[in-house]
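Residue-level structure breakdown
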Amino acid sequence: MNASQFSHCCPLTRREMLRRCSLGFGGLALSALFSENLLGAPTGPGLPPGTHFKARAKHVILAYMSGGVSHLDSFDPKPELKRRHGEKMPVPVKPTMFNDNGNIMASPWESRRYGRSGIEMTDLFPQIAELADELAVIRSMTTKVNEHAQGNYMMHTGFPFAGHPSAGAWTGYGLGSENRNLPAFVVLQSGSAQPPHGGVGVFSSGFLPAEHQASILRVDRDPALANIKPVESDLLQRRSLGFIRDLDARFSATAGEPQIDAAIHNYETAYRMQTAVPELCDITGETDATRKLYGLESDDPATVAYGRQCLVARRLIERGVRFVELSCISAGIGAGGAGNPWDQHGQIKEGHGAMAHQVDQPLAGLLRDLKSRGLLEDTVVIFTGEFGRTPFSQGGSGRDHNPYGFSLWMAGGGVKGGSVHGATDDLGYYAVQDPCTTYDLWATVLHLLGLDHERLTYRFGGRDFRLTDVYGRVLKSVLA
Amino acid sequence: MQHTGKTKASGMWTKRIASLCLLGSVAAHGATPEQIDFFEQRIRPVLANECYECHGPAKQKGGLRLDFRAGLLKGGDSGPALVPGDSKASLIMQSIRHEIADSEMPKKRPKLADAVIADFAGWVDQGAPDPRDQPAAATAVSKAADWEATFEARKDWWSFKPVRLPTLPAVTNGAWSDHPVDRFLLAKMEERGLEPAASADRRTLIRRVTFALTGLPPTLAEIRGFLDDAAPDAYLKVVDRLLASPRFGEHWARHWMDLVRFAETHGSEGDPDIPNAWRYRDYLVRAFNADVPWDQLIREHLAGDLLAKPRLNDAEGFNESLLGLAHFRLVEHGFNPVDTLDEQVKTIDSQIDVVTKAFQGLTVSCARCHDHKFDPIGQRDYYALQGVFGSVRPTQLTIDQPERLRVRRPELETLKAEIKSGLAEAWEKSAHRLTEDLLARLRSGGTNAPAILGDDFRDRIGRLQQRVAEIDNLGREAVLRLRGVTNANQGSARPMAAWTFDGDARDSVGGLNGELVGGAFVRDGRLIVDGKGAYLRTAPLDRPLREKTLEIWVAPANLDQRGGGVITVQSEDGAVFDSIVFAEKEPRRWLAGSDGFRRSRNLDGPAETAAAGALVHLVAVYRTNHSIALFRDGAAYGAAYTPPGDGATLRTFEPQSARVLLGMRHTGGGSPFFAGEIEEARLYDRALEPDEVAASFRAGPGLISPDAIAQALTPDQRAVREGRLAEIADLRRVLAQRYPDYAERDAERIRRNSAFGVATKDGTHPLGVWSRLSTHAAESFAGEWRALSAKQNEESAERRKSNADTFRPAWDFAGKGADGWFRYGANPPEVVARPGEFTVQPEGERILAGLLPAGVFSHRLSERHNGVFASPRFKVSSDRISVRVVGGKGARIRLITDNYPIGQGNIFPQANLNSDAPTWITLDTAYRRDSTAYLEFATAEDVTSRDRSPAGPGGRSFFGVERVVFHDGQQPPMEEANASTGLFEAGPPASAEDLSKRIGDRLVQAVEAWRRDSLSEGDRVFLDAFIRSGQLPTSLAELPAVATDVLEYRRLEGEIPLPRRVPGVMEGTAYDAPLLSRGDHRKPMDPVPRGYLPLIDSHPYATQGSGRLELANDIADPGNPLTSRVLVNRIWHCLFGRGLVGTVDNFGRLGETPSHPELLDFLALRFIEHGWSSKELIRCLVTTRAYQLSSTASERAGQVDPSDEWLSHARVRRLEAESIRDSLLAISGRLDSAMFGPGSDALAPPAEQRRRSVYLTVKRNFPSPFLETFDAPKPFTTLGQRDATNVPAQSLALLNDPFVVEQAAQWAVSMLGAESDPDARVRRMFEIAFARPPDDGELALCRTYLDDLAKDPHGGEAERVWRDFGQSLFNLKEFIYLR
């Protein structure tokens, strides 16, 4: 461990200390490991130990729309596209990935105002649109890169390359976990869902200690997590663990190394995870009404699969998991494959239609369920892809990538529902009013979690790194 | 850079200070020169270094500026920063003394040294004399004076000072050890009142040193051997044995791989392979085993291609030094970046980062956007290095020693000259007959070929053959009736190709012979493919294929496999294909596969249930109405469908650029291989009807052989047939006797006749002109000739003008050769100065394809010669670039912008070459206009694109270039002359007969000129037209006199070894990189001369090259204060668990200072003295007494030195991920100790994971979950110091991972066989796992546990019990920790 590079010049920070002990899930104290309370609560009254100031939320659910949702067909409708449908773009077009640029293309979806707040949206996501008053829509997002893998890394880590910690890892590092039997950062998958382009590195802890890495739970498979299924019967395993504990104790006594004690305790945690994870994924106890709410009764298998992720996400939040990321399932339309389901370079009507049908009911159900259970006020839900799509067509029926302007929405704890932030130009090509970056997004989310994005740092390779690189500002107008 | 480096420049620095002082004394009112001197030397550097960043031109935190006098006096939000003359009352003093809470300065940095604080106090008390009248300028680069001051201040840091030989310290307990290293360590211990711990016992020691040196546990025999060896040098013998073990290199190579972020894929979307990256891993293993000096390794890493004396590996026949360059290419690459310059900046940043961290312990890449915040590294210095790395180009380097690949050249040259002379002779003869032939045609009205004496025999033979065929047809029908095909016509659809595997992979119908690839083989009439890379690939199609039917009889090896193709037609690169695919989208279901599933659909056919070895008959029919139908065992497999949308229409596969594959879905995607046996496959160039499919199913596999036909005939039929055959034989004999040259002349007539129609329809062919004019009578002939001539001249003139107006000539290799271009390869592409060169075809009936123009060619002697031909760097200034080229078999031309090596798709201009005749290829470069780029021609395996195309059979590939032009319009240049142009140079012929003579004579002259090597380009085109149109003989059959030489040529050519390659870099156009303002590639400033850090070498590199050689010399220089310190510290870290400098990758100011600075210098100098030998140093260190101490800390050590900084006892350490995995394999007895070669799949099932971890393929997007769980590094930057975390996933892996369970099971089996007594077995297993037997208490615990296991109702049998017991031992901490 290289924590000691710090020690000669300044006192140990709390995080350095936790890191030195490196006890698995976040910053749990040693003693807590052996407590009999299976489901942890926040560590004491007042502020959680890691926050810089009062938090508005404790959990994040990232509904990641890998491949790039078209903002023009969803949360940033543009009447101008209909008026100028088929015309040439009136402004120079920036280089695109496939260099197969067509003319302006109207959205196949109709738009109107929704909710008391009257946010204009299309009917691509009819259920989510009904919840307009919960949403803070940012219509002026921008990102630095124009391809999926780098876009995914940019959105997740603040850097367009592998190696840096994902937002979920930073969150776990900053706040620790509330549940010692479950990881702080969980990625859910179901059906044929795969990691976004760029691979599992998108969920990596980067240079943060390994315990901050995401655990990928495949919620409709058994086992949901690699190596979680015991090879042995419970009785036999308890015997084995007893034997291991007895011999380890003797070794530890002679070796006198605290690391070893920590490693010993991991067995206790691992043992309990074997029960906690299957229990978590077992949704047989949920009511029919709940199942319906999440779309589990749908005749679209993709909706059912995604709905299951949403339902398990709620169960994770209930159990104190900090950061949950949801994975879309490819409909196999346009160029959208497993790593980029929303990537409709062709057939956007069919592709976005199928993808929206997959996530609309489950996500709306999740928001409603979190709200009815009082969990939404502690949870920030984020809906975003890695970039948006172009106002002009590609190959006649699709849209190319657009990193210059796109939309996302947030909902939940500390978020100003029913609000719209920033704007793109009349064609939805460039963000023109209050352009926002991925850094701004995470600065704001960390702020909601009670963390100052400039102070949540980690020293690696001679530099203090942040989720927001050297940029980022808290988007005050998004805050309730 | 104005600041200075190296000590020799210090005099200059003093002068500079003096001049600054002079300026200052005028400006600073009343200050004395001494005071100004003091400010410049002691105060300004600190202010610039520590304060300007937040209180300078860019930022003014708290409203405060400290970069000029008035700013200090005015102060910020909290008032004036200082009170001249009163340091106590000055805010700046309170804050640097940390007297004000929340305002401790410098913020987030170490407190200033007491001496510095005292300087400031003195300065303020003196009245704070300050010459700075003006604020510093707000530019990205610090103002020169400020930077110089900062630089000098920062240079005063321990690691930048020369390494000095220390004196051995005095110690009290001199008797403890006489090892000098121990002396240094003991001195520090004694200073702190520590005493060294007792020595470790022998068992602990052998486990410790075996893991440290080889990454593996000691074997039982090794342990016992050491215990039993009473000699005083027993330990030394162990050490020497370990150093000599091949396992040593495997372990230490992995340490080095951590430094260069080793990976074998580029990550990002698609995670494309870095082909041959494993060779670099092998290079390291060999280098460590051979103890190659580390300064040599550094030179090879930076400039392995430029060394005067490269290190040759004679056993392997390659140049080892080249392999070091691979680390430059192990970068992550973005997927098809729109902005390639941005990508290049990131790539070079990674290269600079790795080189400077790994070898210098410096974080130079922190200076990309601004001067380094802590170290004496300016932003300019960063760009001096960027120029060095930008001046090289990514490539696949051929590593063979040139003499290995330059074989057979003289023999081939000789043979080729003989072949040429034989050809010339035959052609002259044939050319002489051309006039005769043409005249005969004129006589017969222009179409008929001349009669030859002997034609009557031929006619009689033909009639007899017709009779035999009629009888054969009767036999055929009889065979089919026997097979149950009622209407014989139905079962006799004629394929265009069929593979029956009767002994080989030949096409028994057409010419699509198969080549067996990747271990595919033919056995018992079937093609066997393994699903892991074995497949059959045919020769390219010889005609276009549109409507088609694929048919196959196949037996799947298993039904759980996914996604393998059984029969495929694909474009050369696999981008477009149609295939019958098993279980790709749905398990066990067949699918008509296609590129991106564009023409595929899930079909409602039954799930496959065929038993192993049982044949399934599959047919896919593609119709011109775009419908697709699949059939299984003769019945429709789901409904026929017509796919909608883009790319869904029927595809045309073009001749020479498409092939058939068997056992593979297509080239370039996922896991395309099928496992099973293929009985027979057929390809039809039409769509079979359903009843034909059904009939074919009933008829079954096996094209009907002549024998089968003969057997099916009635005796009468057979007798008639044999009689006719005998008659035919007789006639042939007589013909040959009477007209000995009949065969030759008949062959020529057939050839010419079949080609005549094509040639005469071509208006540019001389025979086209002849054909056009031949009908004109003598009186009108001259007039027609003149009209045609005028038209041709006019057209030529128009084309010349249009070409001159439209195209900018860029390079003409026929005219000027290859000046300025780069030619790479052991047999580099050759400049051919004269038109008329030819190449001997490596296979097939044709000896040559045609004649080549002058230019640069890769294949003058062999298509097994590989090479790269690349242009200088230029700015793309046109929308298109056209090249006149030949080439094929995967060779490609690419426009490479900003050195991005792996582009594909239409935003990366490139094209496969697919013609053996010179042709124009146009690249659309509009998208990349204004980029900096170069053109690269490369043979197949030398192409670095992610979608590179496979080489042809035998690894052949070739290209040749004649000209390059730039233009904006769509069309390439028009041909200004053609094969007929020369005919019109003379006056009109009198008649068609006269023209026939003129053409014939001219052909004779052209052949003679060719023979004499004096062919003009015009005559080359003329002659080539006759060769390519089949008017001159080129086949082996027609040229028996040449055939022997050709076959010998082919045999020798086939002996040329195929080159071996490694990812690397090569020199390109050298240039100085511009400084990028704030690191933004869109804001280039002035170029910075190439060079290294002024900290080490202040002189820009005087070189026409990239500067890598100079850089290598700077870094590997014994006088470089960082290199040897950094390297010995790395070795120390690996052995003692922590470096003498804890931050092994950072020797800068944010790093730690050395715990034992004198020892570090002692070792650094010693390392150089001993020739940078790592083995020598390791031997020296592990034979210290300190290394052999017990890990038990004394009570005092526990109190005063809990982190064991002073090494009074051994540190307990967790094993690295690879050692944990390798130990499991070693102990289970399953370790496959094979060294070297392509890596094994890290995600394979446990039974297939038997090699050492260092040989697992490292894929960025698919890391080994097991290794990652135990902190294997993520390959993105130098990591000299791994984490050793504790996470539950580690426990879960050791408890439940099938790989671990598998090893425990294997171990149990071997232990049950080795010891019959359970106690003895426990003792043995303990000793294997921990190098020690259990004590009594442990043994008792084991007995109880084993009893419990045996009683368990779920298990109980011995193997299960001992498996569980063994696995529990794996789970003990002692297993993964070293004491």
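One structure accompanies this document, and this report is about it. Nothing here was measured: the structure is a model prediction, and the numbers come from that model.

Notes on the environment of Thr 1103 of chain B
Residues and elements named next belong to chain B.
- Checked against the element boundaries, Thr 1103 lands in the loop between strand S32 (1084–1087) and helix H30 (1108–1115).
- Separated by 33 residues in the primary sequence, Thr 1103 and Ala 1070 have C-alpha atoms spaced 8.9 Å apart.
- The contact partners of Thr 1103, leaving out residues within four places of it in the chain, are Arg 1090 and Glu 1110.
- In terms of polar contacts, Thr 1103 uses its side chain to reach the backbone amide nitrogen of Gly 1105, at 2.7 Å.

Remarks on the packing of aromatic side chains
- Across all of its chains, the model carries 66 aromatic pairs over all chains by this definition.
- Judged by centre distance (5.1 Å) and plane angle (40 degrees), the ring pair of Phe 207 of chain A and Phe 465 of chain A falls under tilted. With Phe 207 of chain A in the loop between strand S6 (185–189) and strand S7 (215–218) and Phe 465 of chain A in strand S17 (residues 463–465), the pair connects residues that are 258 residues apart, well separated along the chain.
- Assessed through its relative accessible area of 11%, Phe 465 of chain A is described here as buried.
- Ring centres 5.4 Å apart and planes at 40 degrees place the aromatic pair Trp 158 of chain B and Phe 1147 of chain B in the tilted group. One end of the pair, Trp 158 of chain B, is in the loop between helix H6 (144–155) and helix H7 (180–191); the other, Phe 1147 of chain B, is in the loop between helix H31 (1123–1136) and helix H32 (1157–1169), with 989 residues separating them in the sequence. Across the pair, Phe 1147 of chain B and Trp 158 of chain B agree in class, each one buried.
- An aromatic cluster is built from Phe 159, Trp 170, Tyr 173, Phe 207, Tyr 458, Phe 460 and Phe 465 of chain A together with Phe 1276 of chain B, whose rings are joined through pairwise contacts.
- The ring of Tyr 114 of chain A is capped by Arg 112 of chain A, whose NZ or CZ atom sits 3.9 Å from the centre of that ring.

Focus on a positive patch on the surface
- A surface patch of like charges, here positive, comprises Lys 59, Lys 61, Lys 107, Lys 108 and Arg 1078 of chain B.
- Structurally, Lys 107 of chain B can be placed in the loop between helix H4 (91–96) and helix H5 (114–125).

As for the pairing of strand S11 (residues 398–402) of chain A
All names here are of chain A.
- Among the five residues in S11, five count as buried, and that is most of the element.
- Judged from the four bridges that link them, strand S10 (residues 388–394) and S11 form a sheet pairing that is antiparallel. Each residue of the ladder has a partner; that of Ser 393, found in S11, is Arg 399.

Concerning the sheet that holds strand S16 (residues 658–662) of chain B
Residue and element names in this part refer to chain B.
- In spatial order, the strands read S5-S8-S16-S10-S11-S12; together these six strands make up an open sheet with antiparallel pairing. Unpaired on one side and paired on the other, strand S5 (514–517) and strand S12 (590–594) mark the two borders of the sheet. The mean inter-strand angle of the sheet, taken between neighbouring strand axes irrespective of direction, is 20 degrees.

Quick look at the interface of chain B and chain A
- Each side of the interface is counted separately: chain B has 75 residues, and chain A has 80 residues.
- Carbon and sulfur atoms supply 58% of the area that chain B and chain A bury against each other, a total of about 6500 Å² over both sides.
- Interface area lost by chain B to chain A is led by Asn 1286, Leu 1292 and Lys 1373 of chain B, which between them contribute 10%.
- Between the two partners, chain B and chain A, sit five salt bridges.
- If you look at where chain B meets chain A, you find 19 residue pairs in polar contact (both at pLDDT 80 or more).
- Those elements that provide at least two residues to the side of chain B that touches chain A are helix H15 (340–360), helix H37 (1288–1296), helix H38 (1298–1314), helix H40 (1336–1351), helix H41 (1358–1371) and helix H42 (1373–1376) of chain B.
- Looking at side-chain class alone, the side of chain B that touches chain A contains 28 nonpolar, 22 polar and 25 charged residues.

Points about the sheet that holds S7 of chain A
All names here are of chain A.
- Taken together, the eight strands give an open sheet; going across it, the order is S7-S6-S8-S1-S9-S12-S5-S13, and neighbouring strands pair in mixed fashion. Two strands bound the open sheet, and with one partner strand each, they are S7 and strand S13 (419–421). Along the sheet, successive strands turn relative to each other by an average axial angle of 20 degrees, direction set aside.
- In terms of strand pairing, strand S5 (residues 135–141) meets S13 through three bridges, oriented parallel. When the bridges of S13 are listed, Ala 136 appears paired with Ser 419.

What to know about empty space enclosed by the protein
- As a volume, the largest cavity reaches approximately 250 Å³.
- Along the wall of the largest cavity there are 21 residues; nearest its centre are Gly 206 and Phe 207 of chain A together with Lys 1274, Leu 1279 and Asp 1283 of chain B.
- Counting residues per element, the lining of the largest cavity draws most heavily on strand S16 (residues 458–460) of chain A, at three residues.
- When the residues that make up the lining of the largest cavity are grouped by side-chain class, the tally is 10 nonpolar, five polar and six charged.

Some points on the packing of helix H8 (residues 202–214) of chain B against helix H9 (residues 220–228) of chain B
Residues and elements named next belong to chain B.
- Two elements in contact, H8 and H9, have axes whose closest approach is 10 Å; the angle formed by their N-to-C orientations is 130 degrees. In terms of orientation, H8 and H9 fall into the oblique class. Here the hand of the crossing between H8 and H9 comes out right-handed. Each of Arg 202, Arg 203, Leu 205 and Ile 206 in H8 lies in contact with H9, whose residues at this interface are Glu 222, Ile 223, Phe 226 and Leu 227.
- Class assignment for the residues of the contact of H8 with H9 results in five nonpolar, no polar and three charged.

Describing the pairing of S5 of chain A
Residue and element names in this part refer to chain A.
- Burial analysis of S5 places seven of its seven residues in the buried class, which makes it a mostly covered element.
- Bridge count for S5 against strand S12 (residues 406–412) is five bridges, and the pairing is antiparallel. By the bridge assignment, Leu 135 is partnered in S12 with Ala 411.

A few points about the nonpolar core
- Grouped together as the largest cluster of nonpolar side chains are 124 residues, with contacts concentrated most on Leu 213, Trp 1132, Leu 1135, Leu 1163 and Leu 1181 of chain B.
- A per-element tally of this core places H31 of chain B first, with eight residues.
- Apart from residues no more than four positions distant in its own chain, Leu 213 of chain B is found in contact with Val 239, Leu 242, Leu 243, Arg 247, Phe 248, His 251, Trp 252, Leu 1135, Ile 1178 and Val 1182 of chain B.
- Ala 193, Ile 228, Val 359 and Val 381 of chain A belong to the second-largest nonpolar core, a separate cluster that totals 64 residues.

Some remarks on helix H10 (residues 234–244) of chain B
- Turning to H10 of chain B, its buried residues are Ala 234, Tyr 235, Val 238, Val 239, Leu 242 and Leu 243 of chain B.
- Tucked inside the fold, the buried residues of H10 of chain B contact H8, H9, helix H11 (246–259) and helix H33 (1174–1182) of chain B.

Details of the pattern of salt bridges
- One pass over the full model with this rule turns up 143 salt bridges over all chains.
- As a salt-bridge pair, Arg 884 of chain B and Glu 975 of chain B come within 2.7 Å of each other at their nearest N and O atoms. Of this pair, Arg 884 of chain B sits in strand S24 (residues 880–888) while Glu 975 of chain B sits in the loop between strand S29 (958–967) and helix H27 (992–1011); the two residues are 91 residues apart in sequence, bridging distant segments of the chain.
- Judged by its relative accessible area of 12%, Arg 884 of chain B falls in the buried class.
- Where salt bridges share partners, they join Glu 279, Glu 286, Arg 314, Arg 315, Glu 318, Arg 319, Asp 369 and Arg 373 of chain A into one cluster.

Calculation criteria
- The residue numbers shown here count from 1 along each chain, following its written sequence.
- All chains are assigned letters beginning with A, and all ligands numbers beginning with 1, in the order in which they are written.
- Where local features are concerned, this predicted model is filtered to residues with pLDDT of at least 70; where side-chain atom pairs are given and counted, the filter is 80 or more; whole-chain, interface and lining totals use all residues.
- For side-chain calculations, the full set of non-hydrogen atoms in the structure is used, while hydrogens and water are omitted.
- In this description a helix means any DSSP run of H or I spanning at least four residues, a strand means any run of E spanning at least two, and both kinds are numbered starting from the N terminus.
- The criterion used for residue contact is that any of the two residues' heavy atoms lie within 4.5 Å.
- Here a polar contact means two N or O atoms within 3.5 Å. Within protein one must be a hydrogen donor candidate and the other an acceptor candidate, and residues neighboring in sequence count only if both atoms are side-chain atoms.
- Ring pairs shown here join Phe, Tyr and Trp side chains whose ring centres sit within 6.5 Å, with only the six-membered ring taken for Trp; geometry is labelled stacked below 30 degrees between planes, edge-to-face above 60, and tilted in between.
- The buried label applies to any residue whose accessible area, calculated with a 1.4 Å probe on protein chains only, is under 20% of its type's maximum; exposed applies above 50%, and partly exposed to all values in between.
- Throughout this description, the term charge over a ring refers to an Arg CZ or Lys NZ atom that lies within 6 Å of the ring centre and within 35 degrees of the ring normal.
- The residues that make up patches have over 30% relative accessible area and no salt bridge, and they are joined within 9 Å when like-charged or within 5 Å when they are Val, Leu, Ile, Met, Phe, Trp or Tyr.
- Computed by Shrake-Rupley with a 1.4 Å probe, the accessible areas treat only the displayed protein chains as cover when residues are assessed.
- Salt bridge criterion: a side-chain nitrogen from Lys or Arg within 4 Å of a carboxyl oxygen from Asp or Glu.
- Counted as positive: Lys and Arg. Counted as negative: Asp and Glu. His and the chain ends are not counted at all.
- The location of each charge is read from NZ of Lys, CZ of Arg, CG of Asp or CD of Glu.
- Only strands joined by at least two bridges in the DSSP assignment are considered to pair.
- Lines fitted to C-alpha atoms define the axes, with helix axes restricted to the stretch in contact, and inter-axis angles between N-to-C directions lie between 0 and 180 degrees.
- What counts as buried area is the accessible surface, traced by a 1.4 Å probe, that two parts surrender upon association, with contributions from both included.
- Under the grouping applied here, Gly and all other residues not named as nonpolar or charged are polar, the nonpolar ones being Ala, Val, Leu, Ile, Met, Phe, Trp, Tyr, Cys and Pro and the charged ones Asp, Glu, Lys and Arg.
- Definitions used for this entry: grid spacing 1 Å over protein atoms alone; cavity, a set of points where a 1.4 Å probe fits but cannot get out; pocket, an open set with protein on both sides within 12 Å along at least 5 of 7 lines; lining residue, one with an atom within 4 Å of a point.
- Grid points are joined across faces, edges and corners, and a volume is the space filled by probe spheres set on the points.
- In these notes the angle categories are as follows: under 35 degrees is roughly parallel, over 145 is roughly antiparallel, 65 to 115 is roughly perpendicular, and the rest is oblique.
- Note: crossing handedness is left-handed where the near helix turns anticlockwise from the far helix by less than a right angle, and right-handed where it turns clockwise.
- Put simply, a nonpolar core is a bunch of buried Ala, Val, Leu, Ile, Met, Phe, Trp, Tyr and Cys residues held in one set by side-chain atoms that sit within 4.5 Å of each other.

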